[in-house]
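# Summary of structural features
Chain by chain, the residues run as shown.
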Amino acid sequence: MRRTMTFAAVLAAGLTLGVAAQAQDKQQLAFVVNAASDFWKLAEAGVNKAQEELPNYEVQFRYPAQGTAALQNALMDDLVAGGTDAIMISSADPANSIDAFNRIAAQVPLFTTDSDAPQSDRIAYLGSSNTLAGVQAGEEMVKALPDGGKCMGFVGFLGADNAKERIAGFKQAIEGHNIELVDVRGDDVDFARARTNVDDVLVANPDITCMVGFYSYNPPKIYEALQAAGKLGQITVVAFDEDPVTLGAVREGSFAATVVQQPYEWGYQGMKLMAAYLEGDKSGVPEDGIIIVPTKVVNAENVDAFEADLKAKIGG
C-alpha cells in the first residue's frame, strides 16, 4: 500500500530538522570536574546561570566516572570528538596530565579551574589562590591555638597543585607560632579512606591537638570521626569549603572556621570567559593567565549570612 505524507507531516519534519540543525550550530562549552562531590553543585549552579545568559551556546557540566587523570583525559577526548568548542577543567593530577592537556589545547581552547596546570598550554586559570587560602586557614589556626599545637592534615590528591599550595600556605602562616603540621594524609577522593585516615590518627597519634581538612569532604569525615570518638571540641579543626556538615560544625563551635571558595563564580565566570574567547574577545585573559576569585573565612559570626546566600544561589 502506497503511503503519502500530509503537508502537516512534512512541515513537522522540517521544523524538527530545523531545530536539530539550530542546536548543532550552537557552540559547545564544557566544565569538567575532578571527582564526584557535593562541592561541585555550586559550580554547576553557576554554569546553569551562565547558560541563561548565553542562548547561542550549549553548556555541559561533566563528572568523570572516577577521580583519575586517565578518566578525566578520556572524557576530554570524548568531548572534543563530540564537537565541544572549549573546555574548563579542574585537574585531578596536573603533573601527569601535561601531555594530555597539550593534546586537547592543540584542538580547542583549554582553561583550568580549582587546580591549575601551569606547565601546560592551557590559556588561563580561573579560581582561588590556593596558597592564600592556605594562609587564611593557618591564620585561623593561629588564632584558635595561641599556645601552639600539633596538627594533622587530610586531603584528597597529595600531588594536585591545589593541595600542595594550600598546605604550603598553611605552613607559611603557622611558622613561628609553635604550631606544627606533623603530616598530611591523602585519600585519592575515597570517602571511606578519608574517614579511616582520621580514625587511624586518633588511635596512633594521641598527641595531635588540631586537624585541617584541605578538601571539601575531609572536614565532614573529621567531624564524623571526632564525634564517634567523643572528641568533638577537644581537637581544634580548621576546614575548607562549605559542606553542610562543616557549616553546622562552625555554627555549633566544633570547628574554629572554614575557608570557602566561590565555585559558583568559577562556573559562571568560566562559561562567560570561554564564550567571549571563542568570539574573539581575549580581554578577559590577563597577561599572566591567572584570574583569582577571592576566598574568605566563615566563622561563627558570619556563618548564618553565608549559608543564606549559599541557599539562594543553588535554589534551596
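That block above? That's the structure.
Residues numbered from 1 in each chain as written. Predicted model: local features only at pLDDT ≥ 70, side-chain atom pairs only at ≥ 80, totals over all residues. Heavy atoms only, no water.

## Describing the packing of helix α9 (residues 244–252) against helix α11 (residues 303–314)
Under the convention used in this document: Orientation is described by axes fitted as lines to C-alpha atoms, over the contacting stretch for helices, and by angles from 0 to 180 degrees between their N-to-C directions. The way it works is that DSSP assigns letters per residue, a run of H or I at least four long becomes a helix, a run of E at least two long becomes a strand, and they are numbered from the N terminus. Oblique is the label for any angle not covered by the other classes, which are roughly parallel (under 35 degrees), roughly antiparallel (over 145) and roughly perpendicular (65 to 115). Left-handed describes a crossing whose near helix is turned anticlockwise from the far helix through less than a right angle; right-handed describes the clockwise counterpart. Here a residue-residue contact requires only that any non-hydrogen atoms of the pair lie within 4.5 Å. Ten residue types, Ala, Val, Leu, Ile, Met, Phe, Trp, Tyr, Cys and Pro, are classed as nonpolar, four, Asp, Glu, Lys and Arg, as charged, and the remainder, Gly among them, as polar.
Where α9 meets α11, the axes come as close as 10 Å, and the angle between the chain directions of the two elements is 155°. As summarised for this structure, α9 and α11 are arranged roughly antiparallel, according to the angle between their axes. Relative to α11, α9 is oriented so that their crossing is left-handed. Residue-level contacts link L247, V250 and R251 of α9 to V303, D304, F306, E307 and L310 of α11. Counted by class, the contact of α9 with α11 contains five nonpolar, no polar and three charged residues.

## A word on the state of the cysteines
Covalent bonding between the sulfur atoms of two cysteines is what defines a disulfide. The condition that has to hold: By convention in this document, the label disulfide applies to cysteine sulfur atom pairs within 2.5 Å. When a residue's accessible area, from a 1.4 Å probe over protein chains only, is under 20% of the maximum for its type it is buried; when over 50% it is exposed; and in between it is partly exposed.
Scanning the entire structure with this criterion turns up one disulfide. Two residues share a disulfide in this structure: C151 and C210, whose sulfurs sit 1.8 Å from each other. Taking the sign of the S-S torsion, about -100° here, the bridge from C151 to C210 comes out left-handed. With a gap of 59 residues between them, C151 in strand β6 (residues 149–155) and C210 in strand β8 (residues 210–213) connect regions that are remote in the sequence. Accessibility expressed as a relative area gives 0% for C151, which makes it buried.

## Topic: the packing of aromatic side chains
Selection rule: Here a Phe, Tyr or Trp ring, Trp counted by its six-membered ring, pairs with any other such ring whose centre lies within 6.5 Å, and the pair is stacked when the planes are under 30 degrees apart, edge-to-face when over 60, and tilted otherwise.
Enumeration according to the criterion identifies 13 aromatic pairs in this entry. Centroid distance F31 to F61: 5.2 Å. Interplanar angle 10°. Geometry classified as stacked. One end of the pair, F31, is in strand β1 (residues 27–32); the other, F61, is in strand β2 (residues 57–62), and 30 residues separate them in sequence. Residue classification places F31 among the buried positions, given a relative accessible area of 0%. Ring geometry for Y215 against Y217: centres 6.3 Å apart, planes inclined by 75°, an arrangement best described as edge-to-face. Look at Y217 and you get buried, because its relative accessible area is 8%. Among the aromatic residues, those joined into a ring-pair cluster are F31, F39, W40, F61, Y63 and W266.

## A short note on unusual backbone geometry
The phi angle at D114 is positive, at roughly 70°, despite the residue not being glycine. By the secondary structure assignment, D114 is in the loop between β4 (110–113) and β5 (124–127). Unusually for a residue other than glycine, D188 sits at a positive phi of about 55°. Along the chain, D188 falls in the loop between β7 (179–186) and α7 (191–204).

## Some words on the pairing of β7
Working note: regular strand, side chains alternate between the two faces of the sheet. Test applied: When DSSP locates at least two bridges between a pair of strands, those strands are taken to pair. Orient the strands so they point away from the viewer, and a crossover whose first-strand-to-second-strand path over the helix runs clockwise is right-handed.
As judged from the seven bridges shared by β6 and β7, these two strands associate in the parallel manner. Residue pairing for β7: K150 is matched across the bridge by E180. On the question of chirality, the crossover connecting β6 to the parallel β7 by way of helix α6 (residues 161–174) is right-handed.

## A word on the sheet that holds strand β10 (residues 257–260)
If you walk across this open sheet you meet the six strands as β7-β6-β8-β9-β10-β12, and the pairing is mixed. Whereas interior strands pair on both sides, the edge strands pair on one side only; in this sheet they are β7 and β12 (296–298). Averaged over neighbouring strand pairs, the angle between their axes works out to 20° when direction is ignored. Bridge analysis of β10 against β12 gives three bridges, and the strand direction is antiparallel. Among the inter-strand pairings, T258 is bridged to a residue of β12, identified as V298. Those strands touched by α9 are β9 (236–240), β10 and β12, and its axis lies near 140° from that of β10.

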